[in-house]
Amino acid sequence: MELETRFVYRKQPLDRFSTIEKIKILGADLAFTGLIRLIGLTLRFECEGEENLRRAESSGPVIFSIWHNRIFGGIYYLRNRRIAVMTSESFDGEYIARFITRFGFGAVRGSSTRGGVRALVQMARLMRKDVPMAFTVDGPRGPKYKVKPGPILLARKTGRPIIPLSFEYRNRLELGSWDQMQIPLPFSRVRAYFAEPIFVPYEADEVAAEAKLKELQQSLDKLVEIGKKWRVS
């Protein structure tokens, strides 16, 4: 594995943070890792649309796109697949980057507000080395359930398909965060949804790219609605 590829799967130094911030980051890393592992072991996963994922992956790496508040199920279900995720260079992004590496994910640093172009260039290079990618498409700060253009830009640059996905929990808690983060309760049933892949042509102009952004928004919105109907059925 080349140096750049190995780098994204490693925890990075915390030199830029204060001592208090370092303690908080390390504590959050351990807390989230333990929580996801303990609850994840008890969850009963079901899947709908996995054939969409298999078909898309048959020709190379894909670009996963998920809402920020559904990542708990995504981290556990997709663990150890060497998926690289765009995470911000902020305090929050740092502890997220650290605990996802414990589940076999990589972290590419950048966000919609800082370092995004640099991160997209790196993601494109990594995809050419068969590394799958993932975006929390309304992160890191929202607005909730509003798709940002990162996946569209990467799909246009690489020619690889976007896979919209969502997770619905039969029993869950909702936190008071900006995205109302969802945490499944132990032993809950979980339904994973994979929508049909979305391709963005390299020659797509601004209008075509905007249409693909709308298509991704509608696909993820539809998965949420399907999940809600399953949860209350």
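Please refer to the structure placed before this passage.
Residues numbered from 1 in each chain as written. Predicted model: local features only at pLDDT ≥ 70, side-chain atom pairs only at ≥ 80, totals over all residues. Heavy atoms only, no water.

*Asks:* A description of the packing of aromatic side chains should follow, citing residues and the corresponding values.
*Replies:* In the structure shown here, the tally under the stated rule is 7 aromatic pairs. With a centroid separation of 5.7 Å and an interplanar angle of 5 degrees, the aromatic rings of F32 and Y95 are classed as stacked. Residue F32 is found in helix α2 (residues 19-40), and its partner Y95 is found in helix α5 (residues 91-101); the two are separated by 63 residues along the sequence. With centroids separated by 5.2 Å and ring planes inclined at 20 degrees, the aromatic side chains of F32 and F99 adopt a geometry described as stacked. You can see F32 sitting in helix α2 and its partner F99 sitting in helix α5, a full 67 residues away along the chain. (Phe/Tyr/Trp six-rings, centres within 6.5 Å; stacked < 30°, edge-to-face > 60°. Helix = DSSP H or I, 4+ residues; strand = E, 2+ residues; numbered from the N terminus.)

*Asks:* Describe the sheet that holds strand β4 (residues 106-109), with residues and values.
*Replies:* One open sheet accounts for 7 strands, arranged β1-β9-β6-β2-β5-β3-β4; its pairing is mixed. Sheet topology places β1 (44-48) and β4 at the edges, where each strand pairs with a single neighbour. The sheet shows a mean angle of 30 degrees between the axes of neighbouring strands, direction not considered. Where strand β2 (residues 63-66) and strand β6 (residues 162-169) come together, 3 bridges link them in parallel fashion. (Pairing = 2+ DSSP bridges. Axes fitted to C-alpha atoms, helices over the stretch in contact; angles between N-to-C directions.)

*Asks:* Describe the side chain of Q217, with residues and values.
*Replies:* By secondary structure assignment, the location of Q217 is in helix α8 (residues 206-232). With a relative accessible area of 16%, Q217 lands in the buried category. Within the local environment of Q217, its side chain forms a polar contact with the backbone oxygen of Y145, the two atoms lying 2.9 Å apart. For Q217, the residues in contact, after removing those within four places along its chain, are W67, Y145, K146 and V147. (Buried < 20%, exposed > 50% of the residue type's maximum accessible area, 1.4 Å probe, protein only. Polar contact = N/O pair within 3.5 Å; in protein donor to acceptor, adjacent residues only side chain to side chain. Contact = heavy atoms within 4.5 Å.)

*Asks:* I'd like a description of the nonpolar core, backed by residues and values.
*Replies:* With 36 residues, the main nonpolar core has F64, F105 and F194 as its most contacted residues. Listing elements by their share of this core, those giving two or more residues are α2, α3 (50-57), β2, α4 (71-77), α5, β6 and β9 (189-194). In this view, F64 contacts L53, E57, L78, R81, I83, P132, M133, A134, F135, I163, L165 and F194; residues no more than four positions away in its chain are not counted. (Core = buried A, V, L, I, M, F, W, Y, C linked by side-chain atoms within 4.5 Å.)

*Asks:* Let's hear about the pairing of β4: which residues, and what values?
*Replies:* Of the two faces of β4, both are covered, the one formed by G106 and V108 as well as the one formed by A107 and R109. Two elements, strand β3 (residues 84-87) and β4, share 4 bridges in a ladder whose sense is parallel. Bridge assignment links M86 to a residue of β4, and that residue is V108. Each parallel crossover has a hand, and for β3 linked through α5 to β4 it is right-handed. (Right-handed = clockwise from strand over helix to strand, strands pointing away.)

*Asks:* Describe the pattern of salt bridges, with residues and values.
*Replies:* Overall, the coordinates contain 15 salt bridges when judged by the stated rule. Of the charged contacts, one joins D29 and R98 as a salt bridge, the two residues approaching to 3.9 Å between their closest N and O atoms. Linking D29 in helix α2 with R98 in helix α5, this pair joins segments that are 69 residues apart in sequence. We classify D29 as buried; its relative accessible area is 1%. Given a relative accessible area of 10%, R98 falls into the buried group. A salt bridge links E168 to R172; the shortest N-O distance between them is 2.9 Å. For E168, a relative accessible area of 1% corresponds to the buried category. Connected through salt bridges with shared partners, the residues R16, D29, E94, R98, R102 and R109 form a single ionic network. (Salt bridge = Lys/Arg side-chain N within 4 Å of Asp/Glu carboxyl O.)

*Asks:* Describe the environment of A134, naming the residues involved and giving the relevant values.
*Replies:* Relative to the helices and strands, A134 resides in strand β5 (residues 133-136). Overall, the relative accessible area of 11% leaves A134 in the buried class. Taking the C-alpha atoms as reference, A134 lies 23 Å from K228; in sequence the two are 94 residues apart. Look past the residues within four positions of A134 in its chain and what remains in contact with it is F64, I83, A84, V85, M86 and M123.

*Asks:* Lay out the environment of P201 in plain terms, naming residues and giving numbers.
*Replies:* Here P201 shows up in the loop between β9 and α8. Residue class for P201 comes out partly exposed when judged on its relative accessible area of 37%. In this structure, the C-alpha to C-alpha distance between P201 and R70, residues 131 residues apart in sequence, is 28 Å. Once you skip the residues sitting within four places of it in the chain, P201 turns out to touch R156 and K212.

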